[in-house]
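What the coordinates show
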Amino acid sequence: MALFKLLHILSVIIWVGGMFFAYMVLRPSAVQVLEPPLRLRLWVAVFSRFFVWVWAAVALILFTGLYMMHLYGGHTPIYVHIMLTLGVTMMAIFAHVYFAYFRKLRTHVQAEHWPEAGALLGKIRTFVGINVILGILTVCSVELGVLITH
Ligand code: HEM
């Protein structure tokens, strides 16, 4: 259980911490320093690298989380069900960002269609913002659940 929990938490740190950095630090800095075409190119480069890590983190969180649930053997505490619900919601939002927006953003940036690319980046920003909040809420609810239950 300890190794699975370690991998689970490391993956959460990479995913939620990466989104927090992108949203709270990189986004306002890029707006301050770069003109739109360069800024959009930067985001495609950033997402292309970060999303590889997010796919790996999502796979690990799901695998280790479901395995730890299995170890509970039918007596899973309520906070784990809440975590599963919030976690799957976050994963669905990420898949939506990746398949509905990011791939189109990459195509528009390659073709230098800046207004379309800007609109897509705005949508990605909204959903990443939602996922940062859900991620922090999930960690808070888990830790509260652990505190109350054990
Ligand atoms: C999506 C499916 C997920 C499943 C099935 C799952 C399942 C689990 C299970 C069974 C545990 C062990 C609980 C215990 O020791 O009592 C755990 C621990 C934990 N999970 Fe998840 N989890 C999921 C997603 C997430 C997400 C998205 C986050 C955060 C954004 C998260 C954060 C944590 C944390 C911080 C712990 C450690 C709790 C402690 O202090 O012991 N999990 N998870």
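Residues numbered from 1 in each chain as written. Predicted model: local features only at pLDDT ≥ 70, side-chain atom pairs only at ≥ 80, totals over all residues. Heavy atoms only, no water.

1. Digging into the layout of surface pockets
Taken as a whole, the largest pocket holds about 660 Å³ of empty space. Lining the largest pocket are 29 residues, and of these H8, V12, M68, M83 and V142 sit closest to its centre. Contributing elements (two or more residues each) for the lining of the largest pocket: α1 (2–33), α2 (36–72), α3 (78–110) and α4 (114–149). Counted by class, the lining of the largest pocket contains 21 nonpolar, six polar and two charged residues. Empty space within the second largest pocket amounts to approximately 360 Å³. For the second largest pocket, the lining is made up of 25 residues, of which R27, F47, L121, I124 and R125 are closest to its centre. Those elements that provide at least two residues to the lining of the second largest pocket are α1, α2, α3 and α4. Here the residues of the lining of the second largest pocket sort into 19 nonpolar, three polar and three charged. (1 Å grid on protein atoms, 1.4 Å probe; cavity = no way out; pocket = protein on both sides within 12 Å on 5 of 7 lines; lining within 4 Å. Points joined across faces, edges and corners; volume = space filled by probe spheres on them. Helix = DSSP H or I, 4+ residues; strand = E, 2+ residues; numbered from the N terminus. Nonpolar A, V, L, I, M, F, W, Y, C, P; charged D, E, K, R; others polar.)

2. Concerning the nonpolar core
If you look at the biggest cluster of nonpolar residues, it comprises 34 residues, and the most contacted ones within it are W15, F47, F51, L105 and I124. Counting residues per element, the ones that place at least two in this core are α1, α2, α3 and α4. Examining the composition of this core, we find that twelve residues originate from one element, α3, more than from any other. Not counting residues within four places of it along the chain, the set of residues in contact with W15 comprises F50, V54, A57, V58, I61, M90, M91, F94 and N131. (Core = buried A, V, L, I, M, F, W, Y, C linked by side-chain atoms within 4.5 Å. Buried < 20%, exposed > 50% of the residue type's maximum accessible area, 1.4 Å probe, protein only. Contact = heavy atoms within 4.5 Å.)

3. Focus on the coordination of the iron atom of the ligand
Those protein atoms acting as donors to the iron atom of the ligand are H8 (NE2) and M83 (SD), and they sit at 2.1 Å. Note that the iron atom of the ligand binds six donor atoms; their angles at the metal cover 84 to 180°, and the shape is octahedral. In this pair, H8 sits in helix α1 while M83 sits in helix α3, placing the two residues 75 residues apart along the sequence. Take H8: its relative accessible area is 11%, and that puts it in the buried class. (Donors = N, O, S within 2.8 Å, 3.2 Å for Na, K, Ca; no water. Tetrahedral: all angles 85-135°; square planar, octahedral: opposite > 155°, others 65-115°.)

4. Quick look at the packing of α2 against α3
A pair of packed helices can be characterised by two numbers: the angle between their axes and the separation between those axes. The interhelical angle for the contact between α2 and α3, taken along N-to-C directions, is 155°, at an axis separation of 10 Å. Between α2 and α3, the angle is such that the two are roughly antiparallel. Two packed elements cross with a definite hand, and for α2 against α3 that hand is left-handed. Each residue belonging to the contact of α2 with α3 can be placed in one class, and the counts come to 23 nonpolar, two polar and two charged. (Axes fitted to C-alpha atoms, helices over the stretch in contact; angles between N-to-C directions. Parallel < 35°, antiparallel > 145°, perpendicular 65-115°, else oblique. Left-handed = near helix turned anticlockwise from the far one by under 90°.)

5. Digging into the environment of M1
Secondary-structure assignment places M1 in the segment before α1. For M1, a relative accessible area of 42% translates into the label partly exposed. In the structure, M1 is positioned 17 residues away from G18 in sequence and 25 Å away in space, judged by C-alpha atoms. If we skip the residues at most four places from it in the chain, M1 touches M68, L71 and Y72.

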